[in-house]
Amino acid sequence: MKQIGLITIGQAPRTDVAPILEKYLEGRAELVQSGVLDGFTPAQVREYYTPGEGEYVLTSRMRDGSAAVVSRERIKSVLQGKIDAMEASGIKTILLLCTGEFPGLRTVRAHLIEPDRIIPPVVQALTGKRRLGLIGPLPEQEQNLNEKFAASGSALPFAAVSPYTGSEADFRAAAEKLKDRADVIVLDCMGYLEQHRQWAASAGVPVVLSNALMGKLIAEMV
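This structure is a prediction, so every number in the text was calculated from the model and none was measured.

(A) Spatial organisation of the sheet that holds strand S8 (residues 158-160). The strand order across the open sheet formed by four strands is S8-S7-S9-S10, and the pairing between neighbours is parallel. Of all strands in the sheet, those with a lone pairing partner are S8 and strand S10 (207-209), marking the two edges. Across the sheet, the mean angle from the axis of one strand to that of its neighbour is 20°, orientation sign disregarded. With three bridges connecting them, strand S9 (residues 184-187) and S10 associate as parallel partners. Residue pairing for S10: Val186 is matched across the bridge by Val208.

Quick look at the structure:
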């Protein structure tokens, strides 16, 4: 069976998100998972990878379901090592399970799929002139998300809810905050689940689930 590598910036296996991708693959490919934080304790993650001032902030999931907040700059070399190891094992298609931007990642022959290069243009093409709203995991990610999705100089309505710590009330409140300023809402993190999409959609605005979008696109390549 064909294999697709799945690399999370947290810990593998991602028992929360993998089933969403597998739903669209319909048994045509096996997911082989690896995590940047595999083998690290929460204390070690805080010691080695906590973002410093001005660093690009990301969040992901530990194996026990808790959230970890890390610096892109501090994990990038580990991430590249995970990609190298997966390619060396013979895997030819690798999906990065993160919507953050990672300039400079490389492979020799394997196809590396980076959601941040795919989701914004696809969403923009689908929404057309409709107003776009963004929900991301952390307040400090607002500027980065706007830079990905907004036209130069404009700002999109934004709300922050973590997929790992946010409650139903948090998601409903975030969507209510955006509903009068957005015609479509994007949940911009690969950690958001269908339940989160449903909670956000309760405000009456269509909601795009990033990992489901990637699952549909990847399934077309298998």
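Moving on from the coordinates now.
(B) Region of the structure containing the domain arrangement of the protein chain. Each assigned domain of the protein chain is listed here: domain 1 (1-113 + 212-218) and domain 2 (116-209). Between domain 1 and domain 2, the C-alpha centre-to-centre distance is 21 Å. Taken together, the contact pairs 24 residues of domain 1 with 22 residues of domain 2. At the boundary of domain 1 with domain 2, total buried surface from both sides reaches about 2000 Å², with 69% on carbon and sulfur atoms. By the criterion of area lost to domain 2, the three top residues of domain 1 are Thr59, Thr99 and Leu213, representing 31% of everything that side buries. Taken together, the connections running from domain 1 to domain 2 amount to zero salt bridges. Here domain 1 is connected to domain 2 by six residue pairs in polar contact (both at pLDDT 80 or more). Among the secondary structure elements, those contributing two or more residues to the side of domain 1 that touches domain 2 are strand S3 (57-61), strand S4 (67-71) and helix H8 (210-219). Sort the elements by how many residues they give to the side of domain 1 that touches domain 2 and S3 lands first, with five residues.

(C) Representation of the layout of surface pockets within the structure. Considered as a void within the structure, the largest pocket measures approximately 230 Å³ in volume. The class makeup of the residues in the lining of the largest pocket is nine nonpolar, one polar and four charged. Counting contributing residues, the lining of the largest pocket receives three or more from each of domain 1 (1-113 + 212-218) and domain 2 (116-209).

(D) Examining empty space enclosed by the protein more closely. This structure, assessed with the given rule, holds two cavities of 30 Å³ or more. Within this model, the largest cavity holds a volume of roughly 160 Å³. Lining the largest cavity are 21 residues, with Leu58, Cys98, Thr99, Gly100 and Gln141 sitting closest to its centre. When contributions to the lining of the largest cavity are tallied by element, the ones reaching two or more residues are S3 and helix H5 (142-149). No other element matches the four residues that S3 contributes to the lining of the largest cavity. Here the residues of the lining of the largest cavity sort into eleven nonpolar, seven polar and three charged. Taken domain by domain, the lining of the largest cavity gets at least three of its residues from each of domain 1 (1-113 + 212-218) and domain 2 (116-209). Forming the walls of the second largest cavity are Ile4, Leu21, Leu25, Leu31, Leu95, Gly215 and Ile218. Secondary-structure elements contributing two or more residues to the lining of the second largest cavity are helix H1 (18-25) and H8.

(E) Structural detail: the side chain of Arg14. You can see Arg14 is positioned in the loop between strand S1 (2-8) and H1. A polar contact is formed between the side chain of Arg14 and the side chain of Tyr164, at a distance of 3.1 Å. Ignoring anything within four residues of it in the chain, the contact list for Arg14 reads Thr8, Pro19, Gln33, Ser60, Arg61, Leu97, Tyr164 and Gly191.

(F) Seen up close, the pattern of salt bridges. Under the counting rule described, the total for this entry stands at twelve salt bridges. Several salt bridges converge on common partners, so that one network encompasses Arg14, Asp16 and Arg61.

The rules behind the values
- Residues numbered from 1 in each chain as written.
- Predicted model: local features only at pLDDT ≥ 70, side-chain atom pairs only at ≥ 80, totals over all residues.
- Heavy atoms only, no water.
- Pairing = 2+ DSSP bridges.
- Helix = DSSP H or I, 4+ residues; strand = E, 2+ residues; numbered from the N terminus.
- Axes fitted to C-alpha atoms, helices over the stretch in contact; angles between N-to-C directions.
- Domains from an automatic or database assignment.
- Contact = heavy atoms within 4.5 Å.
- Buried area = accessible area lost by both parts, 1.4 Å probe.
- Salt bridge = Lys/Arg side-chain N within 4 Å of Asp/Glu carboxyl O.
- Polar contact = N/O pair within 3.5 Å; in protein donor to acceptor, adjacent residues only side chain to side chain.
- 1 Å grid on protein atoms, 1.4 Å probe; cavity = no way out; pocket = protein on both sides within 12 Å on 5 of 7 lines; lining within 4 Å.
- Points joined across faces, edges and corners; volume = space filled by probe spheres on them.
- Nonpolar A, V, L, I, M, F, W, Y, C, P; charged D, E, K, R; others polar.

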